[in-house]
Amino acid sequence: MSGRTITTFSSRLAIDLGAIRANYRSLARHVAPAECGAVIKADAYGLGARAVAPALHAEGCRTFFVAQLREAFDVADTLGADAAIVILNGLDPGCEAACAEAGFLPVLNAPGQVERWRRLARAKGTALPAVLQVDSGMSRLGLDAAAAAALAADPAFPREVALRFIMTHLACADTPGHAANAAQLASFRSIRALFPEARASIANSGGAFLSPAYHCDLVRPGIALFGVQPGPDGPAMRPVVRLEARILQIREVEAGSGVGYGLDHVAPTRQRLATLGIGYADGWPRSLGGAGAAWHAGARLPIVGRVSMDSLTVDLSALAPDALAKGDFVALLGPCQSLADVARDAGTIPYEILTRLGSRCERTFVETVQ
Ligand SMILES: *Cc1c(COP(=O)(O)O)cnc(C)c1O
């Protein structure tokens, strides 16, 4: 039997492109007159960049951020020629010509990246567009202040690099009161002053809600587009994903029965259990064993025992005995339970839950929000 003809899935993920668009519109309004870009790295946080990018382009988004050159190639043909694709992690040595030919904008994160881009520009006899990242205190990517000052003092630099904007990234944007935010803003401003002509970008989703001072010319939201509240002071965003898993089996176990690997759960009484066709290989965290839940008709169905690779078991005690049958779907993400809820139960952040979902589930794109 050929796998190609099999169309059933044990779990399904519905992605609301209408909600993503609505989230983009509200972010764009909030940061205006700054431009609102969109971060679609990691396949649009696992949701499918080839569907998400054109939906955002239709809302007026013209600056898209990916992490890697490969991701730019994967999405470029879904966007108009008027869209800029920025490669946040910059280029590995040897990739410069391919990037320039495709018209993507590399972020120059280190002196070596700057030098290789300039070398290509000299070979071509023309300035090549790029973005410059400076480190303002996160110590992750970007030139330090001294390296940036050296570039600013080099008269050949503007002839070789057409600086589209200068950027930095905040370490603590989701903690509005953190002193590092103001310190990074001040550090960025002093470096940015060395390049007076260049546009500037500092804020991710959380940064967009610190204060307008962080908007600069261009904002780079990712997670807020995908439905997660950008920091404690940010607005609630429209939820974007619904995840459901199918019931593979329902069984009643006697008091004292062990459930799942290691028999970690022992039924305290007679218990009605459902085994769902989703596990850690589908991105549902193993840390939710004995901690998380599925939902049906407003009832919480606690996960009992460990999460397996391809399945997990939930307790149906909260429901009438005939409420669910084998083959039915129960909810894991949606109005019942947000990404933030699941992340809290799993001891992680919504970003990690989102980006790990979906390699084996059925993905559908819907437009429930207009
Ligand atoms: C991932 C990333 C973003 C988007 O961050 P969110 O918190 O998802 O909004 C913005 N800028 C840079 C440099 C990033 O790496």
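The following refers to the structure shown. (Residues numbered from 1 in each chain as written. Predicted model: local features only at pLDDT ≥ 70, side-chain atom pairs only at ≥ 80, totals over all residues. Heavy atoms only, no water.)

## Considering the nonpolar core
Then comes step 1: Formed by 115 residues in total, the largest nonpolar core has its most connected members in Leu47, Leu56, Leu276 and Trp284.
Then comes step 2: Among the elements that line this core, the one with the most residues is helix H1 (residues 17-31), at seven residues.
Then comes step 3: By size, the runner-up hydrophobic cluster in this structure holds five residues, among which are Val253, Val259, Leu273 and Val304. (Core = buried A, V, L, I, M, F, W, Y, C linked by side-chain atoms within 4.5 Å. Buried < 20%, exposed > 50% of the residue type's maximum accessible area, 1.4 Å probe, protein only. Helix = DSSP H or I, 4+ residues; strand = E, 2+ residues; numbered from the N terminus.)

## Side note on the environment of Gly283
Then comes step 1: Counting through the fold element by element, Gly283 comes out in the loop between strand E14 (271-276) and strand E15 (293-296).
Then comes step 2: The class for Gly283 is buried, based on a relative accessible area of 9%.
Then comes step 3: As a C-alpha pair, Gly283 and Glu71 span 212 residues in sequence and 21 Å in three-dimensional space.
Then comes step 4: Beyond its immediate chain neighbours, meaning those up to four positions away, Gly283 contacts Arg356 and Leu357. (Contact = heavy atoms within 4.5 Å.)

## Structural notes on the packing of H1 against helix H3 (residues 49-58)
Then comes step 1: Put simply, H1 and H3 touch, their axes get as near as 9 Å, and they point 45° apart. Relative to H3, the element H1 is oriented oblique. In this structure, H1 crosses over H3, and the sense of that crossing is right-handed. Residue-level inspection shows Leu17, Ile20, Arg21 and Tyr24 of H1 in contact with H3, the latter providing Ala51, Val52, Ala55, Leu56 and Ala58. (Axes fitted to C-alpha atoms, helices over the stretch in contact; angles between N-to-C directions. Parallel < 35°, antiparallel > 145°, perpendicular 65-115°, else oblique. Left-handed = near helix turned anticlockwise from the far one by under 90°.)

## Things to note about the environment of Ala203
Then comes step 1: Relative to the helices and strands, Ala203 is located in the loop between strand E9 (199-201) and strand E10 (218-219).
Then comes step 2: Judged by relative accessible area, which is 0%, Ala203 ranks as buried.
Then comes step 3: Sequence separation between Ala203 and Gly258 is 55 residues, and the spatial gap between their C-alpha atoms is 50 Å.
Then comes step 4: Apart from residues no more than four positions distant in its own chain, Ala203 is found in contact with Ala208, Tyr214, Val219 and Arg220.

## So, the pattern of salt bridges
Then comes step 1: All told, the structure shown has 23 salt bridges when counted by the stated rule.
Then comes step 2: A salt bridge links Arg21 to Glu59, with the nearest nitrogen and oxygen atoms 3.2 Å apart. Of this pair, Arg21 sits in helix H1 while Glu59 sits in the loop between H3 and strand E4 (63-66), and the two are 38 residues apart along the sequence.
Then comes step 3: Between Arg360 and Asp310 there is a salt bridge; the shortest N-O distance is 3.0 Å. A residue pair is termed long-range when its members are at least 10 positions apart, and Arg360 in the loop between helix H11 (350-356) and strand E19 (362-366) and Asp310 in the loop between strand E16 (299-304) and strand E17 (312-315) qualify at 50 residues.
Then comes step 4: Among the residues examined, Arg360 registers a relative accessible area of 39% and is labelled partly exposed.
Then comes step 5: Judged by relative accessible area, which is 38%, Asp310 ranks as partly exposed.
Then comes step 6: The network of salt bridges with common partners includes Glu115, Arg118, Arg122, Asp154 and Glu160. (Salt bridge = Lys/Arg side-chain N within 4 Å of Asp/Glu carboxyl O.)

These figures capture arrangement, not role.
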